Amino acid sequence: MKITYIGHSAILIENHKANILIDPYITKNINAGIKIGDLPNIDYILVTHAHDDHIGDTIDIAQKYNATIICISELGSYLAGYNIRVHRMNFGSHTFDFGRVKMVTAAHSSCLPQKEINVGDSVGFVLYLDKTIYHAGDTGLIADMQLLSRENIDLALLPIGGNFTMDVDDAVYAAKLIEAKVVVPIHYNTFPGIVVEDASINRFLDSGINVLIKKPGDTFIL
Ligand code: NI
Ligand code: MN
């Protein structure tokens, strides 16, 4: 399947069954690697939490393509008010027409930007497609990541920007817990406060983890 790192935490997955977006923060991200108009037809949008740099263009894209949003219950109730399709989950797993999704824990808050209204927990997702993908969302290092080693994860998308999430050193530790075949770092160098020095990136590359550094807009086959 084809994976595109749009930038920040935004990922596009295109496989033979569906086109899936995760955390589509695109129009407000000046460093996004693709324009919103260049997206293919989108079937599903997974949203890890309500912060603007994750919910991003979710509502507009869902309306345009009649896509189904997959997110935690309380955020789903808010989004359903926009007359879009929502599939609510709450740390369970569900089999969709494209494959199974498991919602997993993340240590981070989740509130609507306008009013600081809390809308459920922040989450991560495991997607069981032809390969297994873990998108951590925004999270600090958590012991729950040990449980992911039994999922045989092919690709782990881990935040490394620090301050709001894990930094590189915690991401290296997380990667060792998760035992993914490949790790792609996300959620860094998008805006001030989450800038990662080259020296830190090099530490990640030298850690023994199979890390792939992707630039916004880069596409790769998994
Ligand atoms: Ni956040
Ligand atoms: Mn974030």
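Residues numbered from 1 in each chain as written. Chains lettered and ligands numbered in written order. Predicted model: local features only at pLDDT ≥ 70, side-chain atom pairs only at ≥ 80, totals over all residues. Heavy atoms only, no water.

**Q** I tried to follow the sheet that holds strand S2 (residues 10–14) on my own but got confused; where do I start?
**A** Pairing between the strands of a sheet is mediated by backbone hydrogen bonds and can be parallel or antiparallel. One open sheet holds the seven strands; their spatial order is S6-S5-S4-S3-S2-S1-S15, and the pairing between them is mixed. The strands lining the two open edges of the sheet, one partner per strand, are strand S6 (85–89) and strand S15 (219–221). The sheet shows a mean angle of 20° between the axes of neighbouring strands, direction not considered. Here strand S4 (residues 44–46) pairs with strand S5 (residues 68–72) via three bridges, running parallel. Its bridge partner lying in S5, Leu46 is registered against Ile70. Where helix H2 (residues 58–65) meets the sheet, its contacts fall on strand S3 (19–22), S4 and S5, and the angle it forms with S4 comes to roughly 165°. Against the sheet, helix H3 (residues 73–80) touches S5 and S6, its axis set at about 140° to S5. (Pairing = 2+ DSSP bridges. Helix = DSSP H or I, 4+ residues; strand = E, 2+ residues; numbered from the N terminus. Axes fitted to C-alpha atoms, helices over the stretch in contact; angles between N-to-C directions. Contact = heavy atoms within 4.5 Å.)

**Q** Help me out: how do you make sense of the coordination of the manganese ion (ligand 2) in this one?
**A** Octahedral six-donor coordination of a metal ideally yields angles of 90 or 180 degrees, compared with 109.5 degrees for tetrahedral four-donor coordination. Coordination of the manganese ion (ligand 2) by the protein comes from Asp53 (OD), His54 (NE2), Asp138 (OD) and His187 (NE2), over a distance range of 2.2 Å. One chain supplies every donor to the manganese ion (ligand 2), and in sequence these donors are spaced D-H-x83-D-x48-H. Separating the manganese ion (ligand 2) and the nickel ion (ligand 1) is a distance of 3.2 Å, and Asp138 donates to both of them. Of this pair, Asp53 sits in helix H1 (residues 52–55) while Asp138 sits in the loop between strand S12 (132–135) and strand S13 (155–159), and the two are 85 residues apart along the sequence. Grouping residues by exposure puts Asp53 and Asp138 together as buried. (Donors = N, O, S within 2.8 Å, 3.2 Å for Na, K, Ca; no water. Buried < 20%, exposed > 50% of the residue type's maximum accessible area, 1.4 Å probe, protein only.)

**Q** Can you walk me through unusual backbone geometry in this structure?
**A** With the exception of glycine, most residues fall at negative phi, and the peptide bonds are largely trans. At Asn83, a residue that is not glycine, the phi angle is positive and equals roughly 60°. Owing to a relative accessible area of 73%, Asn83 belongs among the exposed residues under this scheme. At Glu179, a position not held by glycine, the phi torsion is positive, near 60°. Its place among the elements puts Glu179 in the loop between helix H4 (168–178) and strand S14 (182–186).

**Q** Hey, could you run me through the sheet that holds S14 in this one?
**A** As summarised here, the arrangement of the six strands in space is S7-S8-S11-S12-S13-S14, forming an open sheet in which the pairing is mixed. Among the strands making up the open sheet, the edge pair consists of strand S7 (93–96) and S14. Across this sheet, the average inter-strand angle for adjacent strands is 20°, counted without regard to direction. The sheet strands contacting H4 are S12, S13 and S14, and the helix crosses S13 at an angle near 155°.

**Q** What is the right way to look at the packing of aromatic side chains in this model?
**A** Where two aromatic rings form a pair, the distance of their centres and the angle of their planes describe that pair. Under the criterion given, the structure shown has four aromatic pairs. Note on Phe96 and Phe98: the rings are 5.4 Å apart at their centroids and 10° apart in plane angle, and the pair reads as stacked. Cluster of aromatic residues (ring-pair linked, three or more members): Tyr44, Phe96 and Phe98. A cation over a ring is seen here: Arg100 above Tyr128, with NZ or CZ 4.1 Å from the ring centre. (Phe/Tyr/Trp six-rings, centres within 6.5 Å; stacked < 30°, edge-to-face > 60°. Lys NZ or Arg CZ within 6 Å of the ring centre and 35° of its normal.)

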